Every structure is written in structure tokens, then in C-alpha cells.
Amino acid sequence: GSLLLALVSLVPVGAAALWSGDSAPTRAQLWPLTIAGLMQGVGLLAFVRLATGKLEASIAIPISDVAMLIVTTVGAILFFQESITAQKLAGLGLLFAGIALLRPT
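Trainee: Help me get a handle on unusual backbone geometry, residues and values and all.
Mentor: For glutamine 81, which is not glycine, the phi torsion reads 50° and is therefore positive. Inspection of the secondary structure assignment puts glutamine 81 in the loop between helix 3 (57-79) and helix 4 (86-102). Taking the relative accessible area as the measure of exposure, glutamine 81 reaches 62% and is therefore exposed.

In C-alpha cells form, the structure reads like this:
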């Protein structure tokens, strides 16, 4: 199910790429896109596992959403050389605090 969903999600991306008329990405541009796609796939699998697991939905879904924000922020800093600001660090701290507060007892 999850793999099929991921494959189907490639259709609009491919259509948009063909419609824009842009050339294919170079190898240097392709590796960050590949890593981002793998991260998205792993995130989708983790979400499905959480959503169908023993955790209550009111705990599992917010934790999953927050984890996606953390991975996106850290990934942008690591792969796209975004700057690390006090605001980003404070936001990450609040996200981690939210997960800690929501974790099951």
C-alpha cells in the first residue's frame, strides 16, 4: 500500500517536470533530491507504522508531524547549507519539548 502510494505520487511530479520544459537535473543536483525522496519514503513508512500501531492517534500523529518538521529543518541545514539561527534552534527545542510532553507514559 505505502509503496504504491509513493509511486503514484511521482506521477504529478513527473508531469510537472515535463510540462515545465526544464532540462533533467545534473548529477550534482540529483543526489540531494534522491536523499530527500528516500527521507520522504522512510517518513511515510514510519507514519503508517505509528498510525497503525498501539499508540493512540492523538499521540502518534502529532509526534509524527513534529518529527517531519525536525527532519526537514535538520536536512535543510545539512544538505542545502541553510544557516543555523537562534530562531531555528529555539524552534527545534520547542519541537523536541513537544514530543517529550506527548510521549506515552
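Trainee: Can you lay out the side chain of serine 64 for me, pointing to particular residues and giving the numbers?
Mentor: Counting through the fold element by element, serine 64 comes out in helix 3. You can call serine 64 buried: its relative accessible area is 6%. Filtering out sequence-adjacent residues up to four positions away, serine 64 remains in contact with Phe47 and Leu50.

Trainee: Help me get a handle on a nonpolar patch on the surface, residues and values and all.
Mentor: Together, Leu3, Leu7 and Leu10 make up a nonpolar patch on the protein surface, roughly 330 Å² of accessible area in all. Among the secondary structure elements, leucine 10 is positioned in helix 1 (residues 2-20). Accessibility expressed as a relative area gives 51% for leucine 10, which makes it exposed.

Trainee: Which residues make up the pattern of salt bridges, and what values go with them?
Mentor: For the coordinates displayed, the defined rule picks out one salt bridge. Put simply, lysine 88 and glutamate 82 hold a salt bridge, and the shortest N to O gap is 3.1 Å. On the basis of relative accessible area, lysine 88 is assigned to the partly exposed category, the value being 25%. Residue classification places glutamate 82 among the partly exposed residues on the basis of a relative accessible area of 39%.

Trainee: Summarise the packing of helix 2 (residues 27-51) against helix 3; cite the residues concerned and give the values.
Mentor: Packing of helix 2 against helix 3 leaves a shortest axis separation of 10 Å and a crossing angle of 165°. Taken together, the axes of helix 2 and helix 3 are roughly antiparallel relative to one another. For the element pair helix 2 and helix 3, the recorded crossing hand is right-handed. Two secondary-structure elements touch here, helix 2 through Trp31, Ile35, Met39, Phe47 and Leu50 and helix 3 through Ala60, Ile61, Ser64, Val71 and Phe79.

Trainee: Tell me about the confidence of the model for the chain, and please be specific about residues and values.
Mentor: Residues at a pLDDT of 70 or more form 98% of the chain, whose mean pLDDT is 81. Mean pLDDT across the elements of the chain ranges from a minimum in helix 1, with 73, to a maximum in helix 4, with 92.

About the thresholds
Residues numbered from 1 in each chain as written. Predicted model: local features only at pLDDT ≥ 70, side-chain atom pairs only at ≥ 80, totals over all residues. Heavy atoms only, no water. Helix = DSSP H or I, 4+ residues; strand = E, 2+ residues; numbered from the N terminus. Buried < 20%, exposed > 50% of the residue type's maximum accessible area, 1.4 Å probe, protein only. Contact = heavy atoms within 4.5 Å. Patch = residues over 30% accessible without salt bridge, like charges linked within 9 Å, V, L, I, M, F, W, Y side chains within 5 Å. Areas by Shrake-Rupley, 256 points an atom, 1.4 Å probe, with all protein chains shown as cover. Salt bridge = Lys/Arg side-chain N within 4 Å of Asp/Glu carboxyl O. Axes fitted to C-alpha atoms, helices over the stretch in contact; angles between N-to-C directions. Parallel < 35°, antiparallel > 145°, perpendicular 65-115°, else oblique. Left-handed = near helix turned anticlockwise from the far one by under 90°. pLDDT = per-residue confidence, 0-100.

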